[in-house]
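# Structure at a glance
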Amino acid sequence: MDVFDELLRGVRGKGAVFGRSVLYPPWSLRFTDGAYLTLCVPLRGEGWIVPYGGGDNGDRAARRVRVGEAAIVRGPAPFVFTDNPATGTSTGTGASVREVRWDTEPGAGPEPPDELSGPTVLLAAAYDVHAEVPRRLLRVLPPVLVVPDEEDCSPLRDYLEAQIGRVRPGRQIVLDRLLDWLLVCTLRDWFDRPEAAPPMWYRALGDEVAGPALRAMHEEPAHPWTTAELAARAGVSRTTFAKRFTELVGQGPVAYLTEWRMTLAADLLGRQELTVAAVARRVGYADAFGFSAAFKRVRGVSPSAYRREPAVRVELDREAPAG
């Protein structure tokens with residue numbers, strides 16, 4: 001299984017697409033639902049994304065988004081999509097400020113636009129990502145990233161636009177999945193760009209020595225991997241493998257495997273039908289005691305406490321390293 005596919009397999013939109021109203025300057029859309037990720041795709045016109053506290057230099061500066069580009073905003077902080085970054089975040093400027101939220105009752109959110117003739121039309125999809133597996137990759141994203149359509153994404157945009165005006169059964173599902181697809185395309189293109197800063201292990205996937213071992217650990221995390229066995233997968237000596245892996249990934253293969261197992265375990269602990277012992281077996285531990293000790297060493301709390309206290313999980317995610 002491709003590691004990128006595995007990490008993003010569970011990321012799905014919240015079933016809401018914005019863009020029905022025609023936007024005439026001055027206008028501002030204030031996104032306040034606290035989504036983990038928001039995908040913004042202009043179909044007509046252009047605008048500026050301004051994170052709250054933005055407008056200054058650095059990662060939180062306003063970013064322009066034009067037709068032919070897709071932007072991803074990392075939450076949960078609110079942000080504004082506006083025609084004028086100098087005034088669009090202020091009140092009393094005459095701009096038509098609209099609040100955009102998807103965390104209301106089902107069906108209460110905005111619907112897809114049926115016409116695209118206005119000067120500015122924006123499609124947006126919100127993504128709540130609670131699982132630890134995709135967050136392992138997504139937490140390294142900047143507050144705002146803007147990526148031009150590449151060859152494999154531009155036909156998708158054209159097809160998405162063609163589907164908007166078609167009133168057919170299941171239209172919302174089709175639009176949601178198309179936007180999910182566009183999100184993955186945008187993320188993949190971003191991580192391939194020179195300005196991106198993916199985790200060390202992500203870049204190491206393409207290495208002829210570290211790559212096979214990383215893929216093996218992701219495909220079979222419960223297998224009792226040894227350094228010698230992983231070196232054999234790479235076709236090099238154990239010493240050569242351990243040195244190369246550590247240089248590229250930033251930690252040894254055993255430490256990486258333990259961290260990956262604990263990431264999987266964190267998601268499995270959210271399933272109440274699984275006992276701690278069952279979770280332990282699924283991630284390669286013969287008994288709950290050894291698993292609990294490893295989990296507490298990596299995560300700072302016991303598996304039972306992690307499962308019992310949602311606030312603990314949120315705080316741990318905030319403190320988790322980006323790599």
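What this report covers is the structure whose coordinates are included nearby. (Residues numbered from 1 in each chain as written. Predicted model: local features only at pLDDT ≥ 70, side-chain atom pairs only at ≥ 80, totals over all residues. Heavy atoms only, no water.)

It is worth spelling out the side chain of T82 at this point. Here T82 lies in strand β6 (residues 79–82). Accessibility expressed as a relative area gives 0% for T82, which makes it buried. A polar atom in the side chain of T82 sits 2.9 Å from the side chain of S28. (Helix = DSSP H or I, 4+ residues; strand = E, 2+ residues; numbered from the N terminus. Buried < 20%, exposed > 50% of the residue type's maximum accessible area, 1.4 Å probe, protein only. Polar contact = N/O pair within 3.5 Å; in protein donor to acceptor, adjacent residues only side chain to side chain.)

This part covers the packing of helix α9 (residues 253–268) against helix α11 (residues 288–299). In the contact formed by α9 and α11, the axes pass within 10 Å of each other and the chain directions differ by 100°. Between α9 and α11, the angle is such that the two are roughly perpendicular. From α9, T258, E259, M262, T263, A265 and A266 reach across to α11, where they touch F291, A294, F295, R297, V298 and R299. (Axes fitted to C-alpha atoms, helices over the stretch in contact; angles between N-to-C directions. Parallel < 35°, antiparallel > 145°, perpendicular 65-115°, else oblique. Contact = heavy atoms within 4.5 Å.)

Further remarks concern the sheet that holds strand β8 (residues 121–127). Pairing within the open sheet is antiparallel, and its four strands lie in the order β8-β2-β5-β9. Two strands in the sheet have a free side with no partner beyond their single neighbour: β8 and β9 (144–148). This sheet shows a mean twist of 20° between the axes of neighbouring strands, independent of strand direction. With seven bridges connecting them, strand β2 (residues 37–44) and β8 associate as antiparallel partners. If you follow L39 over to β8, its bridge partner there is A125. (Pairing = 2+ DSSP bridges.)

If you look at the biggest cluster of nonpolar residues, it comprises 72 residues, and the most contacted ones within it are L39, Y127, L138, W201, F245, F291 and F295. Core analysis: the next-biggest nonpolar cluster, separate from the first, contains 14 residues, I49, F79, F81 and A124 among them. (Core = buried A, V, L, I, M, F, W, Y, C linked by side-chain atoms within 4.5 Å.)

Turning our attention to the environment of T263. Mapping T263 onto the fold places it in helix α9. Along the chain, T263 and E132 lie 131 residues apart, while their C-alpha atoms are 5.9 Å from each other. Other than its neighbours up to four places away in sequence, T263 contacts E132, V133, R136 and R299. Within the structure, the side chain of T263 is placed 3.0 Å from the backbone oxygen of E259, a separation counted as a polar contact.

Let's shift gears to the pattern of salt bridges. Counted by the stated rule, this structure contains 10 salt bridges. Taking the shortest distance from any N to any O, the salt bridge between E132 and R299 comes out at 3.1 Å. Remark: R299 occurs in helix α11 and E132 occurs in helix α2 (residues 132–138); sequence separation between them is 167 residues. Given a relative accessible area of 5%, E132 falls into the buried group. The salt bridge involving R233 is made with E220; its shortest N-O contact spans 3.9 Å. (Salt bridge = Lys/Arg side-chain N within 4 Å of Asp/Glu carboxyl O.)

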